[in-house]
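# Geometric and topological summary
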Amino acid sequence: MKLSRISLALLPLLSLCSVQAAVYNVVEVGNVPELKSTYASGINDSGDTVFNGAIKVQRGTTSSGAPLYDYTYFNYPVDLDAIDFENSIIQAFFTDEQLADINSGNITADIQSILLSNNLALQVIGNAIGYVKTGTEQAQNFTLRDTAMARANSEYIYDINSAGIAVGMATSTFTKQSFTPVAEDDATTEPETVEIWVPDLPYLSGVAVVSGEPLVLPPPYQDFGGGMSSARAISNSGFIAGYGSIGLVDEASELLETNCNGESQPINSCFYGQYTSDLRTPGTRGQPLTSFGYTQRGLIWQIEGSNISAPTVLGFLGEKNTQLEHSKEGALAINYFSQALAVNNSGIAVGVSSYTDEDKPYFTNEVYRTTHATLFVENEALPMVDADSWLTSTSVGINNNNIAVGYASKVINGNTRNKMFYYDYSTNTTSFVTGFFDSSGTVPRAINDDNVIVGSAEVIASGTTTRRIHGFMYDVGSDNFVDLNTLIGCNSPYTIVEGRDINSNGTIVATALVNRDTRDLLGNVVVDAQGNPEKEVVTTVVTLQPIANGEVDVCNTGESEYERKGGSLGVWTFLFGGALIWWRRRKY
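Residues numbered from 1 in each chain as written. Predicted model: local features only at pLDDT ≥ 70, side-chain atom pairs only at ≥ 80, totals over all residues. Heavy atoms only, no water.

### A look at the state of the cysteines
- Scanning the model with the defined rule gives two disulfides in all.
- Here Cys260 is linked by a disulfide to Cys270, with a sulfur-sulfur distance of 2.0 Å. Its S-S torsion of about -70° marks the bond between Cys260 and Cys270 as left-handed, since a negative value means left-handed. With Cys260 in the loop between helix H7 (250-259) and helix H8 (267-276) and Cys270 in helix H8, this pair connects stretches of sequence that are 10 residues apart. For the residue pair Cys260 and Cys270, the accessibility class agrees, reading buried in each case.
- A disulfide bridge connects Cys490 with Cys555, and the sulfur atoms are separated by 2.0 Å. Across the S-S bond linking Cys490 and Cys555, the dihedral sits near -100°, which makes this disulfide left-handed. Placement of the pair is Cys490 in the loop between strand E31 (480-483) and strand E32 (495-502) and Cys555 in the loop between strand E34 (535-546) and helix H9 (569-584), with a sequence separation of 65 residues.
- Judged by its relative accessible area of 25%, Cys555 is partly exposed.
- Listing the disulfide partners of the protein chain by sequence rank of the bonded cysteines yields 1-2, 3-4. (Disulfide = S-S within 2.5 Å. Helix = DSSP H or I, 4+ residues; strand = E, 2+ residues; numbered from the N terminus. Buried < 20%, exposed > 50% of the residue type's maximum accessible area, 1.4 Å probe, protein only.)

Listed below in structure tokens is the structure:
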């Protein structure tokens, strides 16, 4: 059943009825054996889904700023051979009983926790792995680059089209190698040979998965470490939206030639460090030319069968939307960039790019810069949001009616909030949506051809000022904004925290919270003193499937519409808010 605009408009009226029913049936697809937590990505018109699972999730930092992680991958392959358990420093981490277990090959959950939290093997540990679920089959982990299943890199699958072609990106895999530094001229002893993990370049690759086989999406520029690319969306017509390297400024290439000579560290490690440093993020203020990484632009590939075209290079908004670089004398040059994050069947793409205004007050010897939502069409990079009214903006989706959707940020009631907008290319008009209330942070994720948008937004628990995150659905035609949790059964164990994608049939793939038996790092159920399974709230992926003639299930609980089943603020903030930090912490 497809939810029409009329039925969406009637949802508030249906909520007055006492019929015990629901509009959507919830089907869990993200419960996989390898992981504790999964997060939704995309769905095609056949109902095939793609999603990602967390190997580890950052839960905070130490007093020195080092990240603290919770590991959510069961039986992570720790390199035990790399650990010298005869070393007294290593032994100090364990009890005598644990050391005896290690010597006998019995790695318990407590031992695994010590090994991972202290990374005693000094190995690289990735963030995520990607899954594809087709039809009634179980979800399958598709490896994009990690053929050895070492789980040392991060792999994300973002979208899938009607032909079953999935797209995503994967960071470097690593191999352990012996390395001997070159002795300095005044050295009195020969350098020691060490065993280190060396990255396999490029540091980031966009990938299309065709019939189960990964195909790398090449960027235009591949010197000095292989370049970089990322794929974020694919249309049913075969256009792939993403971004990648188109060049490297001369000053940066000269620095790389000087420093990455293989004398003090492997050349690949040097390139990897250069390109993954936060200082190399495009558009960072205070960047000298020598600190620039690759020059990055939005790219559009086209795939036919297993053949991938050379990418079309997209532009950027630039100085006051002129699509040119600033020309302010004496000001630092800027590494202008763009990213295509979605594309429709006509090849019209949306995303984000650099915007500058050299007339605005800013830091000495620099010009004002930010990033704003960008429409890429007919060799142009066009704005969608008024840069004088909003601090930043990003467009994340576009349908075949040429209606784009995104979010922009500004200070509201003393805090910076994201607010959703949709942009109609045919009329060149941008409309902002209030959401649940004026200051509710509202982030859309996708729009279908019925002009129905899904995403996540802040709600306030009844009688409190506590903000939580709920998934929403918004119909452009009827201007109806609905909490997805009001469209599922009252007795559902799930709390929908993000609608991630919606297909032409109205089926939504979403991320939800659910109570589940607690499992340790080996995947075993944890029990209390009475032998009963302990419980914890985890994230999982569900599909919301329309119910024929479905009606809103009225929950006679005395609670507000924002108090469906779910965890406390701490659980919500950690599980979903923390996961979003993990999910978006680097733009690569």
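What follows continues from the structure just given.
### Structural notes on the packing of helix H4 (residues 96-103) against helix H5 (residues 109-118)
- Remark: H4 packs on H5, axes separated minimally by 10 Å, with the N-to-C direction vectors making an angle of 90°. On the basis of their axis angle, the class for H4 and H5 is roughly perpendicular. Note on element contacts: H5 touches H4 through Asp110, Ile111 and Ile114, opposite Gln98, Asp101 and Ile102.
- Of the residues belonging to the contact of H4 with H5, the class tally is three nonpolar, one polar and two charged. (Axes fitted to C-alpha atoms, helices over the stretch in contact; angles between N-to-C directions. Parallel < 35°, antiparallel > 145°, perpendicular 65-115°, else oblique. Contact = heavy atoms within 4.5 Å. Nonpolar A, V, L, I, M, F, W, Y, C, P; charged D, E, K, R; others polar.)

### Topic: unusual backbone geometry
- Of note, the amide linkage connecting Leu201 to Pro202 takes the cis form, showing an omega dihedral of 10°.
- Considering the arrangement of structural elements, one finds Pro202 in the loop between strand E11 (194-199) and strand E12 (204-210).
- Phi is positive for Gln323, close to 65°, though the residue is something other than glycine.
- In this structure, Gln323 sits in the loop between strand E19 (318-319) and strand E20 (338-343).
- With relative accessibility at 24%, the residue Gln323 sits in the partly exposed group.
- In the Ramachandran plot, Asn549 falls in the positive-phi region, its phi being about 60° despite a non-glycine side chain.
- The topology assignment puts Asn549 in the loop between E34 and H9.
- Relative accessible area serves as the criterion here: at 73%, Asn549 is assigned to the exposed category.

### Regarding the sheet that holds strand E27 (residues 429-432)
- Strand order in this open sheet of four strands is E24-E25-E26-E27, and the pairing throughout is antiparallel. At either end of the open sheet lies a strand with only one pairing partner, and these are strand E24 (392-398) and E27. Averaged over all neighbouring strand pairs, the angle between strand axes comes to 30°, with direction disregarded.
- Bridge count for strand E25 (residues 403-412) against strand E26 (residues 415-424) is 10 bridges, and the pairing is antiparallel. Considered in E26, the bridge of Ile403 is made with Asp424. (Pairing = 2+ DSSP bridges.)

Nothing here speaks to function; it is all geometry.
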